[in-house]
Amino acid sequence: QVQLVESGGGLVQAGDSLTLSCAASGRTYSRYAMAWFRQAPGKEREFVAAINRSGGSTYYADSVQGRFTISRDNAKNTVNLQMNSLKPEDTAVYYCAATYNAVYRSSTSLRNYDYWGQGTQVTVSS
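The text that follows walks through the structure, step by step, so that each part is easy to find.

Rules and cut-offs
- Residues numbered from 1 in each chain as written.
- Predicted model: local features only at pLDDT ≥ 70, side-chain atom pairs only at ≥ 80, totals over all residues.
- Heavy atoms only, no water.
- Helix = DSSP H or I, 4+ residues; strand = E, 2+ residues; numbered from the N terminus.
- Rg over C-alpha atoms; globule rule 2.2 N^0.38 Å.
- Buried < 20%, exposed > 50% of the residue type's maximum accessible area, 1.4 Å probe, protein only.
- Areas by Shrake-Rupley, 256 points an atom, 1.4 Å probe, with all protein chains shown as cover.
- Lys, Arg positive; Asp, Glu negative; His and termini not counted.
- Charge placed at Lys NZ, Arg CZ, Asp CG, Glu CD.
- Polar contact = N/O pair within 3.5 Å; in protein donor to acceptor, adjacent residues only side chain to side chain.
- Contact = heavy atoms within 4.5 Å.

### Structural notes on the overall build of the chain
- From N to C terminus, the chain includes zero helices and 11 strands.
- Listing the helices and strands of the chain from first to last along the sequence gives β-β-β-β-β-β-β-β-β-β-β.
- For a compact globule of 126 residues, the expected C-alpha radius of gyration is about 14 Å, and the chain comes in at 13 Å, within 12% of that figure.
- Judged by the C-alpha coordinates and their principal axes, the chain covers about 40 × 25 × 25 Å.
- For the chain, the residues scored as buried account for 43% of the 126 residues in total.
- Taken as a whole, the chain presents about 6,500 Å² of accessible surface, with 44% of it coming from carbon and sulfur.
- The positive charge centre, built from 12 side chains, and the negative charge centre, built from 9, are 8 Å apart in the chain.

Below is the structure:
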């Protein structure tokens, strides 16, 4: 089992950058594939990005491709989401998620992930 705690959210202006971090507990962190999801007010939670266990493969939603970068540090039990060129439509609560299964380009459903953090708010003003 793994516990996830997100940090790094805040209020920024359009065009700014922000880095989210997710700290995971447990000595088996490297066995989990990780992902970020987000949920805007009144909308369903949606996939943002995923990374496999080694960090060698990453996957992104079309809406963030080229602007966001997911990375992980297995020595520090962390996964980060570097967000550049932020837009007002990126405003949401961002959630970290983990799964013991492998992830693929198709691993965009909430059902693919077993563990979730509590979320961190990102607000982008225009």
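### A short note on the side chain of R67
- Among the secondary structure elements, R67 is positioned in the loop between strand 6 (58-60) and strand 7 (68-73).
- On the basis of relative accessibility, which here comes to 11%, the residue R67 falls in the buried class.
- Within polar-contact distance, the side chain of R67 engages the backbone oxygen of S63 at 3.0 Å.
- Within the local environment of R67, its side chain forms a polar contact with the side chain of D90, the two groups lying 2.8 Å apart.
- Residues in contact with R67, not counting those within four places in the same chain, are Q82, M83, N84, S85, L86, K87 and D90.

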